[in-house]
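# Geometric and topological summary
Okay, here's what each chain looks like letter by letter:
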Amino acid sequence: MQKKAMQKQKLQKLVFVCGTVYKGRKKKSIEYFAIKSVDKSHKSKILQEHADKQKSIAGLVPAIEKARLYRGKGGEIMRSAVSRFIECVSLSNISLPEKIKHSLLDTLNENMRHPNSQIQNVAVEAFKHFVLAYLGKTTNKGALSFW
C-alpha cells in the first residue's frame, strides 16, 4: 500500500499547453508553449523537448519584433507583455545565448524609454530580474558582482 502511494507522489503527468496569440490578422500571430509538469520516467525525451522549447522561448521576442507587433493597435499592450515575458524568463533562469540576451536587453532599454509610464514601470521590473539572472551575481553581502 505504501509503495503505491510513494509511486503516485513521484509520478507527474507531462502537460504541454500550446496556444496562439493573434493581433489583427492571422499573419501577425505567434505561438506559445508552456510546460505544466513533467513525468520523471521520460527524462531523456523531456530534456530534449525542453531544450527545443527553450530555443523557441528564446526566439519569441525577436519573432515579435520581426512581425512588428509593437506598431498599430495593441502595440503598447505588446510592449508591456514582452517586458513581463522577459521578467518571467529571467525568473525561470532559462539558458539563453549571448545574442538573445543582448536582444532582450535592447528591448527592455527601448521599453524604458517609451513615453507611457506603465510600459516603463513593467520594463524596470523586468530589468531588475534580468540583471540578477543574466548579468551579475550577488555576493554574500547582497552587492552585485559583474565579474
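Please refer to the structure placed before this passage.
Small disclaimer: the values here were computed from a predicted structure and weren't measured. (Residues numbered from 1 in each chain as written. Predicted model: local features only at pLDDT ≥ 70, side-chain atom pairs only at ≥ 80, totals over all residues. Heavy atoms only, no water.)

### Thoughts on the overall build of the protein chain
Helix and strand counts for the protein chain stand at six helices and four strands. In sequence order, the secondary structure elements of the protein chain are arranged as α-β-β-α-α-α-α-α-β-β. The proportion of buried residues among the 147 residues of the protein chain is 27%. The long-range share in the protein chain, meaning contacts at least 24 apart out of those at least 6 apart in sequence, stands at 52%. Summing over all exposed atoms, the protein chain offers an accessible surface of approximately 10,800 Å²; the carbon and sulfur share of this is 56%. (Helix = DSSP H or I, 4+ residues; strand = E, 2+ residues; numbered from the N terminus. Buried < 20%, exposed > 50% of the residue type's maximum accessible area, 1.4 Å probe, protein only. Contact = heavy atoms within 4.5 Å. Areas by Shrake-Rupley, 256 points an atom, 1.4 Å probe, with all protein chains shown as cover.)

### Notes on empty space enclosed by the protein
Within the structure shown, the criterion is met by one cavity of 30 Å³ or more. By volume, the largest cavity is sized at about 40 Å³. Around the largest cavity, the lining residues are Ile-57, Ala-58, Val-61, Phe-85, Val-89, Leu-96 and Leu-104. Among the secondary structure elements, those contributing two or more residues to the lining of the largest cavity are helix 2 (43-58) and helix 4 (75-92). Considering only residue class, the lining of the largest cavity consists of seven nonpolar, no polar and no charged. (1 Å grid on protein atoms, 1.4 Å probe; cavity = no way out; pocket = protein on both sides within 12 Å on 5 of 7 lines; lining within 4 Å. Points joined across faces, edges and corners; volume = space filled by probe spheres on them. Nonpolar A, V, L, I, M, F, W, Y, C, P; charged D, E, K, R; others polar.)

### Digging into the packing of helix 4 against helix 6 (residues 117-135)
Running from N to C, helix 4 and helix 6 cross one another at 20°; their axes reach a closest spacing of 8 Å. Here helix 4 is positioned roughly parallel relative to helix 6, judged by the angle of their axes. For the pair helix 4 and helix 6, the crossing hand works out as left-handed. Where helix 4 approaches helix 6, its residues Glu-76, Arg-79, Ser-80, Ser-83, Arg-84, Ile-86, Glu-87, Val-89, Ser-90 and Leu-91 are matched on the opposing element by Ile-119, Val-122, Ala-123, Glu-125, Ala-126, His-129, Phe-130, Ala-133 and Tyr-134. (Axes fitted to C-alpha atoms, helices over the stretch in contact; angles between N-to-C directions. Parallel < 35°, antiparallel > 145°, perpendicular 65-115°, else oblique. Left-handed = near helix turned anticlockwise from the far one by under 90°.)

### Concerning the packing of aromatic side chains
Under the definition given, this model contains one aromatic pair. Ring centres of Phe-130 and Tyr-134 lie 5.2 Å apart, and the angle between their planes is 55°; this geometry places the pair in the tilted category. Here Phe-130 and its partner Tyr-134 are both found in helix 6, four residues apart, which amounts to about one turn of the helix. Just as Phe-130 is buried, Tyr-134 falls in that class too. Its end group placed over the ring of Tyr-70, Arg-79 keeps NZ or CZ at 4.5 Å from the ring centre. (Phe/Tyr/Trp six-rings, centres within 6.5 Å; stacked < 30°, edge-to-face > 60°. Lys NZ or Arg CZ within 6 Å of the ring centre and 35° of its normal.)

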